[in-house]
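Structural overview
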Amino acid sequence: MVRRACASVDAVWSEYTLYIASIGVGNVGQLAVDILMHSYDARRVTSLPSDDVVAYVSTNPLQREDKKEDKEDKKEGENDDDVMHTAMELYASPRHRVAFVQTRSMLRAAHTASWVRTIDAFARALRVRRVCVVASGNASFRNNDASMHASLRVAASPSSSSSSI
């Protein structure tokens, strides 16, 4: 899985930030990553096969109406809309040095730990500069003290500095 993804983009992955959509309350992580992918004009690199997510296949979920005219100008196989999209995929924007793992399906029961190990191994194999997991939580579980502070939470590894986040 990693070799195919690495070969698909002319990139030095060590310069990239990898955003990972976490499946959570209201699909906020997935929707936020979709917005980032659209903003950075990220393109699909490859599907990431995984037994940890429920199988899913669709046409391009990010197809834009304004890009349909461009489709006719491209040769067959060059258009991202010509391929089937799956439950977990890697997207990248080489110009901005960002990559995204988008998961469009829920995790299979009792597969959370396995999914985390797979994503961790993938990120380590790519040797990306940093990893950002975009997630959401249920605000009803916050206590009164927590509601008085910002709703944004940041978790960083010991090797991360505050200036790099």
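Note that this is a predicted model, so its numbers are computed, not measured.

On to the packing of aromatic side chains, then. The description of two aromatic rings rests on the distance between their centres and on the angle between their planes. The full count for this structure, using the stated rule, is 3 aromatic pairs. Every member of this aromatic cluster is reached through a ring pair, and the members are Tyr19, Tyr40 and Phe100.

This part covers the confidence of the model for the protein. Overall, the predicted model of the protein reaches an average pLDDT of 75, with 63% of residues at or above 70. Throughout residues 161–165 the model reports pLDDT below 50, and contacts reaching past four residues in sequence, or to other chains, amount to 4 contacts.

Here the focus is the pattern of salt bridges. According to the stated counting rule, one finds 5 salt bridges in the structure shown. Of the charged contacts, one joins Arg97 and Glu15 as a salt bridge, the two residues approaching to 2.8 Å between their closest N and O atoms. Of this pair, Arg97 sits in the loop between β5 (88–93) and β6 (98–103) while Glu15 sits in the loop between α1 (2–8) and β1 (17–21), placing them 82 residues apart in sequence. For the salt bridge of Asp120 with Arg124, the shortest nitrogen-to-oxygen distance reads 3.0 Å. Of the two residues, Asp120 and Arg124 are both situated in helix α4 (residues 112–126); the distance of 4 residues between them amounts to about one turn of the helix. Judged by its relative accessible area of 36%, Asp120 is partly exposed. For Arg124, a relative accessible area of 60% corresponds to the exposed category.

If you check the backbone angles, Asp41 has positive phi at about 55° while not being a glycine. Take Asp41: its relative accessible area is 34%, and that puts it in the partly exposed class. One non-glycine residue with positive phi stands out, namely Arg127, at about 60°. The residue Arg127 is located in the loop between α4 and β7 (130–134) in this model.

A separate point is the sheet that holds β1. As summarised here, the arrangement of the 5 strands in space is β2-β5-β6-β1-β7, forming an open sheet in which the pairing is mixed. The outermost strands of the open sheet, each flanked by one partner alone, are β2 (43–47) and β7. Direction aside, the axes of adjacent strands within the sheet are offset by 25° on average. For β5 and β6, the ladder comprises 6 bridges, and the chain directions are antiparallel. Paired with Ser93 across the two strands is Val98, which belongs to β6. On top of the sheet, helix α2 (residues 28–39) reaches β1, β5, β6 and β7; it is set at about 145° to β6, its chief contact. The strands touched by α4 within the sheet are β1, β5, β6 and β7, with β1 carrying the most contacts at an inclination of about 165°.

Parameters at a glance
- Residues numbered from 1 in each chain as written.
- Predicted model: local features only at pLDDT ≥ 70, side-chain atom pairs only at ≥ 80, totals over all residues.
- Heavy atoms only, no water.
- Phe/Tyr/Trp six-rings, centres within 6.5 Å; stacked < 30°, edge-to-face > 60°.
- pLDDT = per-residue confidence, 0-100.
- Contact = heavy atoms within 4.5 Å.
- Salt bridge = Lys/Arg side-chain N within 4 Å of Asp/Glu carboxyl O.
- Helix = DSSP H or I, 4+ residues; strand = E, 2+ residues; numbered from the N terminus.
- Buried < 20%, exposed > 50% of the residue type's maximum accessible area, 1.4 Å probe, protein only.
- Pairing = 2+ DSSP bridges.
- Axes fitted to C-alpha atoms, helices over the stretch in contact; angles between N-to-C directions.

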